[in-house]
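Okay, here's what each chain looks like letter by letter:
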Amino acid sequence: MYKILVLEDDELFSSTLEDFLSDEGFIVDIASDGEECLSLNYEKNYDLYIFDINVPKINGLDLLLNLRKSEDNTPTIFLTSYKDKDTLHDAFLKGCDDYLKKPVDLDELLLRIKALLKRNKKQFDIIKLSDNLTFNPLNKRVYENGIDLNLPVKVLELFELFIENRGEIVTKEMIISKLWATSEGYSEGSIRVYINQIKKLFENKDSISNIKGIGYKIEF
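Here goes a summary of the coordinates provided. These numbers were taken from a predicted model, which means no experiment stands behind them.

## Section: helix α6 (residues 153-164)
The end-to-end C-alpha distance of α6 is 17 Å, a good match for the 16 Å that 12 residues give at a rise of 1.5 Å each. By the criterion of burial, α6 is predominantly enclosed, with 9 of the 12 residues buried. Buried within α6 are the following residues: Val155, Leu156, Glu157, Leu158, Phe159, Glu160, Leu161, Phe162 and Ile163.

Structure, rendered in structure tokens:
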């Protein structure tokens, strides 16, 4: 599933956002201030940020500027009650991709989220992997004859990385960046286990080839 980090200090609104986005198939974490948001960001990798601007400790604008300076280019939507052009102009200068003024129409927010993820090379069409195997990129699930295989999260994330880079080499560094946050230690043994789990899903066991010393390539 796609992971969204929400920065919002209004408890009622943040709870509404969490319920709505969870129902739409996203994994949602909520931070009520900028420092908590940074802490969550350090612990996990996210596909999208939704930030309020006027929040305690570190405001949304300064937070995003710090993230962009650290080369974090995760798509970001600002939800804000600010209506002046200077603030909105500053938001884009700091690196935001889109914004919505409060009160927010949740259906419009969902459309903006999908558009941003698509522009970020995310696909929403069901991908056919074989005669009986499909991958749903919206909820990041693999199905065999329509039945969810309930694969572990890291296996699904690795699967997604391979699918996004079909026919191209996926380096070990790309895998580590996708599967583990900066604060986590990675395991090469775990990578091999996850790859073997993916291989077992295909009749052709050579669907994933090992490019010695570089990484892996998937072809199906």
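Once the structure has been displayed, the description carries forward.
## Focus on the side chain of asparagine 136
Examined against the element boundaries, asparagine 136 turns out to sit in strand β7 (residues 133-136). Looking at asparagine 136, the relative accessible area reads 16%, which means it is buried.

## What to know about the side chain of arginine 141
Checked against the element boundaries, arginine 141 lands in strand β8 (residues 141-144). Within polar-contact distance, the side chain of arginine 141 engages the side chain of asparagine 150 at 2.9 Å. Among all residues touching arginine 141, those that are not within four sequence positions of it are Thr134, Phe135, Asn136, Asp148, Asn150 and Leu156.

## Thoughts on the pairing of strand β4 (residues 76-80)
Along β4, 5 of the 5 residues are buried, which leaves the element largely enclosed by surrounding structure. Residues Thr76, Phe78 and Thr80 point to one face of β4 and Ile77 and Leu79 to the other, with burial holding for every one of them. One ladder, built from 4 bridges, connects β4 with strand β5 (residues 98-101); its direction is parallel. Note on β5: the bridge partner recorded for leucine 79 is leucine 100. Note that the unit made of β4, helix α4 (residues 85-94) and β5 has a crossover that is right-handed.

## Some points on the sheet that holds strand β10 (residues 169-171)
Taken in spatial order, the 3 strands make up an open sheet running β10-β12-β11, and their pairing is antiparallel. The two strands at the open ends of the sheet, each matched to only one other strand, are β10 and β11 (208-211). On average, adjacent strands in this sheet sit at an angle of 30° to one another, irrespective of strand direction. Inspection of the sheet shows β11 paired to strand β12 (residues 215-218) by 4 bridges, in the antiparallel sense. By the bridge assignment for β12, isoleucine 211 is matched with glycine 215. In the packing of helix α7 (residues 172-179) onto the sheet, contacts are made with β10 and β12, and the angle to β10 comes to roughly 65°.

Scoring rules and cut-offs
Within each chain, residues carry numbers counting from 1 in the order of the written sequence. In keeping with the predicted nature of the model, local features appear solely for residues at pLDDT of at least 70, side-chain atom pairs appear and are counted solely at 80 or more, and the whole-chain, interface and lining totals rest on all residues. Each side-chain value is worked out from all heavy atoms of the structure, with water and hydrogens disregarded. Each helix is a run of DSSP H or I of at least 4 residues and each strand a run of E of at least 2, with the numbering of both proceeding from the N terminus. Multiply 1.5 Å by the residue count of a helix minus one, and that product is the helix's expected span. Here the term buried applies to any residue with accessible area under 20% of the maximum for its type, exposed to any over 50%, and partly exposed to those in between, with areas from a 1.4 Å probe on protein chains only. Two N or O atoms form a polar contact when they lie within 3.5 Å of each other; inside protein one atom must be a possible hydrogen donor and the other a possible acceptor, and for residues adjacent in sequence the pair counts only when both atoms belong to side chains. For this analysis, residues touch if any pair of their heavy atoms sits within 4.5 Å. DSSP calls a pair of strands paired once it identifies at least 2 bridges connecting them. When the strands point away from the viewer, a crossover counts as right-handed if the route from the first strand across the helix to the second turns clockwise. In this analysis an axis means a line fitted to C-alpha atoms, helices contributing only their contacting stretch, and an angle means the value between N-to-C directions, from 0 to 180 degrees.

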